[in-house]
Amino acid sequence: MNLILLGPPGAGKGTQAKLLETLYGITQIATGDMLRAEVKAGTPIGKQAQAIMASGALVPDEIIIAMLRSRLTGPDCAAGFILDGFPRTVPQAEALDQMLDQAGLSLDAVIELKVDDAALTDRIAGRFSCAQCGAGYHDEWKTALVPGVCDVCGSHDFVRRADDNRETVAARLVAYHAQTAPILPYYAAQGRFFQVDGMAPMADVTREIEIVLATLPPRDGK
Ligand code: AP5
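None of these values were measured; they are calculated from a predicted model.

Some points on the pattern of salt bridges
Phase 1: This structure, assessed with the given rule, holds ten salt bridges.
Phase 2: Where Asp164 meets Arg127, a salt bridge forms, and the shortest distance between an N and an O atom there is 2.8 Å. Here Asp164 is found in the loop between β7 (158–159) and α7 (166–180), whereas its partner Arg127 is found in strand β5 (residues 127–130), with 37 residues between them in sequence.
Phase 3: We classify Asp164 as buried; its relative accessible area is 11%.
Phase 4: For Asp164, the salt bridge is made with Arg172, and the minimal N-O distance between the two is 3.1 Å. The two residues Asp164 and Arg172 agree in class, both being buried.
Phase 5: Three or more residues joined by partner-sharing salt bridges are found here, namely Arg127, Arg161, Asp163, Asp164 and Arg172.

Let's talk about a negative patch on the surface
Phase 1: Negative charge collects at one region of the surface, where Asp116, Asp117, Asp197 and Glu208 lie side by side.
Phase 2: Following the sequence through the fold, Asp197 ends up in strand β8 (residues 193–197).

With respect to the side chain of Lys13
Phase 1: Examined against the element boundaries, Lys13 turns out to sit in helix α1 (residues 13–24).
Phase 2: Although buried, Lys13 forms no salt bridge, and the nearest oppositely charged side chain, Asp84, lies 5.0 Å from it.
Phase 3: A polar contact is formed between the side chain of Lys13 and the backbone oxygen of Pro8, at a distance of 3.1 Å.
Phase 4: Sequence-distant contacts of Lys13, defined by excluding residues within four places in its chain, comprise Leu5, Leu6, Gly7, Pro8, Asp84, Gly85 and Leu113.

Some remarks on empty space enclosed by the protein
Regions of empty space are outlined by a rolling probe, equal in size to a water molecule, passed over the atoms.
Phase 1: Within the structure shown, the criterion is met by one cavity of 30 Å³ or more.
Phase 2: Roughly 70 Å³ of volume is contained in the largest cavity.
Phase 3: Around the largest cavity sit Leu5, Leu6, Gly7, Pro8, Pro9, Lys13, Gly85, Phe86, Pro87, Arg88, Tyr176 and Thr180, which together line it.
Phase 4: Of all the secondary-structure elements, those providing two or more residues to the lining of the largest cavity are β1 (2–6) and α7.
Phase 5: Looking at the lining of the largest cavity residue by residue, the class counts come to seven nonpolar, three polar and two charged.

Some words on the site of the ligand
Phase 1: Of all residues adjacent to the ligand, which total 34 residues, the nearest are Thr15, Ala57, Arg88, Arg127 and Arg172.
Phase 2: Within the contact set of the ligand, a nitrogen atom lies 2.9 Å away from a side-chain nitrogen or oxygen of Gln92.
Phase 3: Within the backbone of Ala200, one N or O atom sits 2.8 Å away from a nitrogen atom of the ligand.
Phase 4: Look at the ligand: alone it shows 1100 Å² of surface, and the protein chains cover 94% of it.
Phase 5: Among the elements of the structure, α1, α2 (31–41), β6 (136–138) and α9 (202–214) are those that each provide at least two residues to the shell around the ligand.
Phase 6: In terms of residues, the shell around the ligand owes the most to one element, α2, which gives four residues.
Phase 7: Along the lines of polarity and charge, the residues of the shell around the ligand split into 16 nonpolar, ten polar and eight charged.

Here's the deal with the sheet that holds strand β4 (residues 109–114)
Phase 1: Strand order in the open sheet formed by five strands is β2-β3-β1-β4-β8, with parallel pairing between adjacent strands. Since the sheet does not close on itself, it has two edges, and those belong to β2 (27–30) and β8, each with one partner. Direction aside, neighbouring strands of the sheet carry axes that sit 25° apart on average.
Phase 2: Relative to β4, β1 is paired through four bridges, and the arrangement is parallel. Across the sheet, residue Leu6 finds its bridge partner in β4, namely Glu112.
Phase 3: The sheet contacts of α9 involve β1, β4 and β8, and relative to β8 the element is tilted by about 155°.

Things to note about the nonpolar core
Phase 1: Counting 30 residues, the largest nonpolar core has Leu72, Leu83 and Tyr187 as the members making the most contacts within it.
Phase 2: Those elements that place two or more of their residues in this core are β1, α2, α3 (44–55), α4 (61–69), β3 (81–84), α5 (90–103) and α8 (183–190).
Phase 3: By size, the runner-up hydrophobic cluster in this structure holds 22 residues, among which are Ala11, Leu20, Ile82 and Ala200.

Calculation notes
Residues numbered from 1 in each chain as written. Predicted model: local features only at pLDDT ≥ 70, side-chain atom pairs only at ≥ 80, totals over all residues. Heavy atoms only, no water. Salt bridge = Lys/Arg side-chain N within 4 Å of Asp/Glu carboxyl O. Helix = DSSP H or I, 4+ residues; strand = E, 2+ residues; numbered from the N terminus. Buried < 20%, exposed > 50% of the residue type's maximum accessible area, 1.4 Å probe, protein only. Patch = residues over 30% accessible without salt bridge, like charges linked within 9 Å, V, L, I, M, F, W, Y side chains within 5 Å. Areas by Shrake-Rupley, 256 points an atom, 1.4 Å probe, with all protein chains shown as cover. Lys, Arg positive; Asp, Glu negative; His and termini not counted. Charge placed at Lys NZ, Arg CZ, Asp CG, Glu CD. Polar contact = N/O pair within 3.5 Å; in protein donor to acceptor, adjacent residues only side chain to side chain. Contact = heavy atoms within 4.5 Å. 1 Å grid on protein atoms, 1.4 Å probe; cavity = no way out; pocket = protein on both sides within 12 Å on 5 of 7 lines; lining within 4 Å. Points joined across faces, edges and corners; volume = space filled by probe spheres on them. Nonpolar A, V, L, I, M, F, W, Y, C, P; charged D, E, K, R; others polar. Near = heavy atom within 4 Å. Pairing = 2+ DSSP bridges. Axes fitted to C-alpha atoms, helices over the stretch in contact; angles between N-to-C directions. Core = buried A, V, L, I, M, F, W, Y, C linked by side-chain atoms within 4.5 Å.

This is the structure in structure tokens:
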């Protein structure tokens, strides 16, 4: 099963993608995580992307598209993938269609998580994760069971993203509305586009996505 999760920064794409990975045995492909790995490794892509990401703007399409090209057909994607954070512009969506065509793949569903802008800043400003295993937490809504200890791996080491501050979130939202929201009608016109209430509690959002996926119309009349 091949999916796209769309939505503004903080909508819950990463949270839901990780849950769907486990539920459906498919692989999360998060362009933000891929870029942060490039930055950490000090690669040429990372050096180009670092300042752009810190400003809240989008990294140029050609860098992202080149980075994604071989990823979709990786062996870990044999059972399918969940795109989280890609595509983010109409040229990226068009490039994805071409990549899928060339690989003989297609999308099963494009799911938009709908969340009010006002909720997003609080969600992002409260977010942190385990530095060892990447498990996600939130100061208010998802704290560790034992304070200061990761529920998943037991590490005591937590990190916050450099772009998770109120100023950068405002810039990321501007970029979302100007450059990413225009891809919603692009996918609506293609069919297999679904909207889910991302304001609901996390478990309810997952359940709504599961319902969408369980009731997908058959492909090509089959
Ligand atoms: P990226 O890493 O993709 O960040 P983003 O899209 O801004 O999304 P986030 O990761 O901030 O949010 P999310 O929707 O995953 O929410 P999460 O589940 O963590 O991109 C970062 C940067 O990289 C971009 O700004 C850009 O510069 C660059 N980039 C990346 N991809 C690119 C591309 N394709 N083209 C160009 N540039 C690109 O949840 C957020 C918080 O809310 C968490 O704390 C979570 O616990 C909590 N939460 C989640 N769901 C709920 C819920 N239902 N109720 C209450 N709290 C919730």
